[in-house]
Amino acid sequence: GAVVSQHPSWVICKSGTSVKIECRSLDFQATTMFWYRQFPKQSLMLMATSNEGSKATYEQGVEKDKFLINHASLTLSTLTVTSAHPEDSSFYICSARLLGTARETQYFGPGTRLLVL
Amino acid sequence: KNEVEQSPQNLTAQEGEFITINCSYSVGISALHWLQQHPGGGIVSLFMLSSGKKKHGRLIATINIQEKHSSLHITASHPRDSAVYICAVLIQGAQKLVFGQGTRLTINP
């Protein structure tokens, strides 16, 4: 099946630094990529939807200046957590929708665990 | 009330048992996903359904569109099946998935 990768898988950083997470579709082109965060023992929460070449659409309550999303190509989207604070510590998951198929086809990355000290 | 409800929330069973996890939803959908999340966190897409039934190895997923209900079955369960199973639906006309709260499955040897 289609593969979505994320890098890094783990990141620990000091408060105030910025962290960039990459999401790549390895063997297909993605029309749309989604960014989720997940707190322990909770379900995924959609943060934003990004389409290649256009601005991301953020969900209510998600600060777009805090969580910068860039979708520069059909195979790469990045999420930058700016001036990270301990409350940003979470598990971040990206997902990609396969270009040229039904809208329902969506593949998930392995996730990135962020710990802000 | 959540648009997607899963039951049970937690399930513990012995190796070899037949497992059923249920998902009910209250909106019109164009597709339903069953996802598996292991303790390490990575999510694997098990099935995508819009009608009928799909089978992959020991896993079977069914959906009844009229009743707005889907089930995930695991036959001959094994400890490695221990994970959180998540039902997610793509609402008709929408672009984003709506997730159930997940079912935590533990299979004891």
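Residues numbered from 1 in each chain as written. Chains lettered and ligands numbered in written order. Predicted model: local features only at pLDDT ≥ 70, side-chain atom pairs only at ≥ 80, totals over all residues. Heavy atoms only, no water.

Side note on the interface of chain B and chain A
Accessible area lost during the coming together of the parts is what is often quoted as the interface size.
Line of reasoning, step 1. The partner chain A presents 22 residues to the 22 residues of chain B that form the contact.
Line of reasoning, step 2. For the pairing of chain B and chain A, the buried interface totals around 1,600 Å² over both sides, and the portion due to carbon and sulfur atoms is 54%.
Line of reasoning, step 3. When residues of chain B are sorted by the area they lose upon contact with chain A, Ile 43, Gln 95 and Phe 99 of chain B head the list and together hold 33% of the total.
Line of reasoning, step 4. The shortest N-O distance in the salt bridge between Lys 96 of chain B and Glu 59 of chain A comes to 2.6 Å.
Line of reasoning, step 5. Linking chain B to chain A there are three residue pairs in polar contact (both at pLDDT 80 or more).
Line of reasoning, step 6. Counting residues per element, the ones that place at least two in the side of chain B that touches chain A are β4 (29-37), β5 (43-49), β9 (83-91) and β10 (97-99) of chain B.
Line of reasoning, step 7. For the side of chain B that touches chain A, the leading source of residues is β4 of chain B, giving five residues.
Line of reasoning, step 8. Its residues assigned to classes, the side of chain B that touches chain A comprises nine nonpolar, 11 polar and two charged. (Contact = heavy atoms within 4.5 Å. Buried area = accessible area lost by both parts, 1.4 Å probe. Salt bridge = Lys/Arg side-chain N within 4 Å of Asp/Glu carboxyl O. Polar contact = N/O pair within 3.5 Å; in protein donor to acceptor, adjacent residues only side chain to side chain. Helix = DSSP H or I, 4+ residues; strand = E, 2+ residues; numbered from the N terminus. Nonpolar A, V, L, I, M, F, W, Y, C, P; charged D, E, K, R; others polar.)

What about the pattern of salt bridges?
All names here are of chain A.
Line of reasoning, step 1. All chains considered together, the criterion is met by four salt bridges over all chains.
Line of reasoning, step 2. For Asp 88, the salt bridge is made with Lys 66, and the minimal N-O distance between the two is 2.7 Å. Placement of the pair is Asp 88 in the loop between β8 (76-81) and β9 (90-98) and Lys 66 in the loop between β6 (57-58) and β7 (67-73), with a sequence separation of 22 residues. Here Asp 88 matches Lys 66 in class, with each residue buried. (Buried < 20%, exposed > 50% of the residue type's maximum accessible area, 1.4 Å probe, protein only.)

Re the environment of His 71 of chain A
Residue and element names in this part refer to chain A.
Line of reasoning, step 1. Note on placement: His 71 falls in strand β7.
Line of reasoning, step 2. His 71 gets classed as buried once you look at its relative accessible area, which sits at 6%.
Line of reasoning, step 3. In this structure, the C-alpha to C-alpha distance between His 71 and Thr 31, residues 40 residues apart in sequence, is 10.0 Å.
Line of reasoning, step 4. If sequence neighbours within four positions are ignored, His 71 has contacts with Ala 30, Thr 31, Thr 32, Met 33, Ser 50, Asn 51, Glu 52, Gly 53, Leu 76 and Ser 77.
Line of reasoning, step 5. A distance of 3.4 Å separates the side chain of His 71 from the backbone nitrogen of Glu 52, its partner in a polar contact.
Line of reasoning, step 6. For His 71, the side chain forms a polar contact with the main-chain oxygen of Ser 73, separated by 3.1 Å.

Focus: a nonpolar patch on the surface
Line of reasoning, step 1. Residues Trp 10, Ile 12, Leu 115 and Leu 117 of chain A make up a contiguous nonpolar surface patch of about 450 Å² in total accessible area.
Line of reasoning, step 2. As for its position among the elements, Ile 12 of chain A is in strand β2 (residues 10-13). (Patch = residues over 30% accessible without salt bridge, like charges linked within 9 Å, V, L, I, M, F, W, Y side chains within 5 Å. Areas by Shrake-Rupley, 256 points an atom, 1.4 Å probe, with all protein chains shown as cover.)

Side note on the packing of aromatic side chains
Line of reasoning, step 1. Going through the model one piece at a time under the given rule, you end up with five aromatic pairs over all chains.
Line of reasoning, step 2. Considering the side-chain rings of Tyr 36 of chain A and Phe 99 of chain B, the 5.3 Å spacing of their centres and the 90 degrees angle between planes classify their relative orientation as edge-to-face. Placement of Tyr 36 of chain A in strand β4 (residues 30-38) and of Phe 99 of chain B in strand β10 is noted, with the two residues assigned to different chains.
Line of reasoning, step 3. A relative accessible area of 0% means that Tyr 36 of chain A is categorised as buried.
Line of reasoning, step 4. Residues Phe 67 of chain A and Tyr 92 of chain A carry aromatic rings whose centres are separated by 6.4 Å and whose planes lie at 45 degrees to one another, so their mutual orientation is tilted. Taken together, the positions of Phe 67 of chain A in strand β7 and Tyr 92 of chain A in strand β9 put the pair 25 residues apart, joining distant regions of the chain.
Line of reasoning, step 5. Exposure remark for Phe 67 of chain A: the relative accessible area of 5% places this residue in the buried category.
Line of reasoning, step 6. Members of the aromatic cluster, joined through ring pairs, are Phe 34, Tyr 36 and Phe 108 of chain A together with Phe 99 of chain B.
Line of reasoning, step 7. The positively charged end of Arg 113 of chain A is found above the aromatic ring belonging to Trp 10 of chain A, 5.9 Å away from the centroid. (Phe/Tyr/Trp six-rings, centres within 6.5 Å; stacked < 30°, edge-to-face > 60°. Lys NZ or Arg CZ within 6 Å of the ring centre and 35° of its normal.)

With respect to the state of the cysteines
Line of reasoning, step 1. Under the criterion given, the structure shown has two disulfides over all chains.
Line of reasoning, step 2. Each sulfur in the disulfide pair Cys 23 of chain A and Cys 94 of chain A lies 1.9 Å from the other. Around the S-S axis, the bridge from Cys 23 of chain A to Cys 94 of chain A shows a dihedral of about 75 degrees and counts as right-handed. Residue Cys 23 of chain A is located in strand β3 (residues 19-25), and its partner Cys 94 of chain A is located in strand β9; the two are separated by 71 residues in the primary sequence.
Line of reasoning, step 3. The disulfide partner of Cys 23 of chain B is Cys 87 of chain B, and the S-S distance across this bridge is 1.9 Å. Taking the sign of the S-S torsion, about -60 degrees here, the bridge from Cys 23 of chain B to Cys 87 of chain B comes out left-handed. Of this pair, Cys 23 of chain B sits in strand β3 (residues 19-25) while Cys 87 of chain B sits in strand β9; the two residues are 64 residues apart in sequence, bridging distant segments of the chain. Take Cys 23 of chain B and Cys 87 of chain B: they sit in the same class, and that class is buried.
Line of reasoning, step 4. Cys 13 of chain A takes part in no disulfide bond, and the closest cysteine sulfur to it belongs to Cys 94 of chain A, at a distance of 19 Å.
Line of reasoning, step 5. Among the residues examined, Cys 13 of chain A registers a relative accessible area of 10% and is labelled buried. (Disulfide = S-S within 2.5 Å.)

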